[in-house]
Each structure stands twice: as structure tokens, then as C-alpha cells.
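Listed below, chain by chain, are the residues.
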Amino acid sequence: MKFESVDQAYELVEQAWKLSEAARDYVKAANRDVPLQEIVDKVFLPSGLVDVEKTQKEGGNPPKMFLKSPYGLQYRPEYKDWIPFRHGPVELPPLT
């Protein structure tokens, strides 16, 4: 993905982090063990940010959620959290 500005690219990274934080907040508010599918259904899918088709094809185990941007979230079982990762190319404009 080619970006017009570094800020534009940064916003998409921040978007992934905010979705990660929303999942963490959901689990914290539930005050119980929350199944991963519940987080997908209640947090990720309603966000409108998930590339559902790519996630279904390539989600894997541990699961990954591919966003409609070059970023996504990967579940870390050892920490029981979701962290952003990059799954697509990023082309930043030259810094001047």
C-alpha cells in the first residue's frame, strides 16, 4: 500500500493498536475467560476493519485477524492478548 504521508501510515498502525486495546478492554470488563470467537464476534467484526475473506483463508493457529489495511492482529496464547503485525507491503513517501 502506498501512502501519501507518514501520518496516514501511522494512523493505520494506531487503528490496529486501538482494536487490540478494545479486545483487552472487552476481556477485562467481562471478568472471566472469554473465548476467542466471542472477541471476534463482539469486538473485531463489528469494527468493520476486518478483511473477513482473508482472515478465513489465512487466519491459522494461533489465530490472526487480517485488517483491510496492511496490518492485522495476531493472538499470543502465552500472554492471552492480540498484537498488531504487518501482512502487506507499505510504501512510505520520501522524508524531506
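Bear in mind that the values here come from a model prediction, so they are computed numbers and not experimental data.

Colleague: Provide a residue-level description of a nonpolar patch on the surface, including the pertinent values.
Modeller: Taken together, the side chains of V6, L92 and L95 define a hydrophobic patch exposed on the protein surface, amounting to about 310 Å² of accessible area. If you trace the backbone, L92 turns up in the segment after β3 (81-86). The partly exposed category is assigned to L92, whose relative accessible area is 46%.

Colleague: Can you explain the pairing of β3? Please cite residues and give values.
Modeller: Two strands pair when backbone bridges link them, and strand β2 (residues 71-76) and β3 are joined in this way by 6 bridges, in the antiparallel orientation. When the bridges of β3 are listed, R76 appears paired with D81.

Colleague: Can you tell me about the packing of helix α1 (residues 6-30) against helix α2 (residues 36-47), naming the residues and giving the values?
Modeller: Taken N-terminus to C-terminus, the directions of α1 and α2 make an angle of 145 degrees; their axes are 10 Å apart at the nearest point. In the packing of α1 onto α2, the handedness of the crossing is right-handed. Contacts between α1 and α2 pair L19, A22, A23, Y26 and V27 from the former with E38, I39, K42, V43, F44 and S47 from the latter. Of the residues in the contact of α1 with α2, the class split is 8 nonpolar, 1 polar and 2 charged.

Colleague: Tell me about the pairing of β2, and name the residues and values.
Modeller: The side chains of a regular strand alternate between the sheet's two faces. Here strand β1 (residues 64-66) pairs with β2 via 3 bridges, running antiparallel. Along β2, the bridge assignment pairs F66 with G72. Counted between consecutive antiparallel strands, the loop separating β1 from β2 contains 4 residues. What sits between β2 and β3 in their antiparallel hairpin is a turn of 4 residues, with K80 showing a positive phi close to 55 degrees.

Colleague: Tell me about the nonpolar core, and please be specific about residues and values.
Modeller: Within the largest apolar cluster, 18 residues are counted, with the highest numbers of intra-cluster contacts made by I39, F44, M65, L73 and W82. Looking at this core, the elements that each hand over two or more residues are α1, α2 and β2.

Colleague: Explain α2 to me, using residue names and the numbers behind them.
Modeller: In a regular helix each residue adds 1.5 Å, so 12 residues correspond to 16 Å; α2 covers 16 Å between its end C-alpha atoms and thus fits that length. Within the span of α2, buried status applies to E38, I39, V40, V43 and F44. Structurally, α2 contributes buried residues whose contacts are with α1, β1, β2 and β3. Remark: G48 follows α2 within two positions and exhibits a positive phi of approximately 75 degrees.

Colleague: Break down unusual backbone geometry for me, with residues and values.
Modeller: Of note, the bond from N61 into P62 is cis; its omega dihedral lies within 30 degrees of zero at 5 degrees. Within the secondary structure layout, P62 lies in the loop between α3 (52-58) and β1. Look at N31: it is not a glycine, yet its phi comes out positive at around 55 degrees. Here N31 is to be found in the loop between α1 and α2. Here the phi dihedral of K80 falls at roughly 55 degrees; this positive angle occurs in a residue that is not glycine. Within the secondary structure, K80 is located in the loop between β2 and β3.

About the thresholds
- Numbering of residues starts from 1 in every chain and runs along the sequence as written.
- Where totals are concerned, whole chains, interfaces and linings use all residues; where local detail is concerned, this predicted model gives features only for residues with pLDDT of at least 70, and gives and counts side-chain atom pairs only at 80 or more.
- Side-chain metrics in this entry use all non-hydrogen atoms of the structure; hydrogen atoms and water are not considered.
- Excluding any residue in a salt bridge, patches collect residues exceeding 30% relative accessible area, merging like charges within 9 Å and nonpolar Val, Leu, Ile, Met, Phe, Trp and Tyr side chains within 5 Å.
- Surface accessibility in these figures is a Shrake-Rupley result with a 1.4 Å probe; residues are shielded only by whichever protein chains are displayed.
- Salt-bridge detection follows one rule: a side-chain nitrogen of Lys or Arg within 4 Å of a carboxyl oxygen of Asp or Glu.
- Think of it this way: any DSSP run of H or I at least four residues long counts as a helix, any run of E at least two long counts as a strand, and we number them from the N terminus.
- Using a 1.4 Å probe on the protein chains alone, a residue whose accessible area is under 20% of its type maximum counts as buried, one over 50% counts as exposed, and one in between counts as partly exposed.
- What makes two strands pair is DSSP finding at least two bridges between them.
- The angle between two axes is taken between their N-to-C directions and runs from 0 to 180 degrees, where each axis is a line fitted to C-alpha atoms and a helix contributes only its stretch in contact.
- Crossing handedness is defined as follows: a turn of the near helix away from the far one that is anticlockwise and smaller than a right angle gives a left-handed crossing, while the clockwise case is right-handed.
- Note on definitions: a residue-residue contact is assigned when non-hydrogen atoms from the two residues lie within 4.5 Å.
- Basically, the charged four are Asp, Glu, Lys and Arg, the nonpolar ten are Ala, Val, Leu, Ile, Met, Phe, Trp, Tyr, Cys and Pro, and anything else, Gly included, counts as polar.
- Nonpolar core, defined: a set of buried Ala, Val, Leu, Ile, Met, Phe, Trp, Tyr and Cys residues in which side-chain atoms within 4.5 Å join the residues together.
- The span you would expect from a helix comes to 1.5 Å times its residue count less one.

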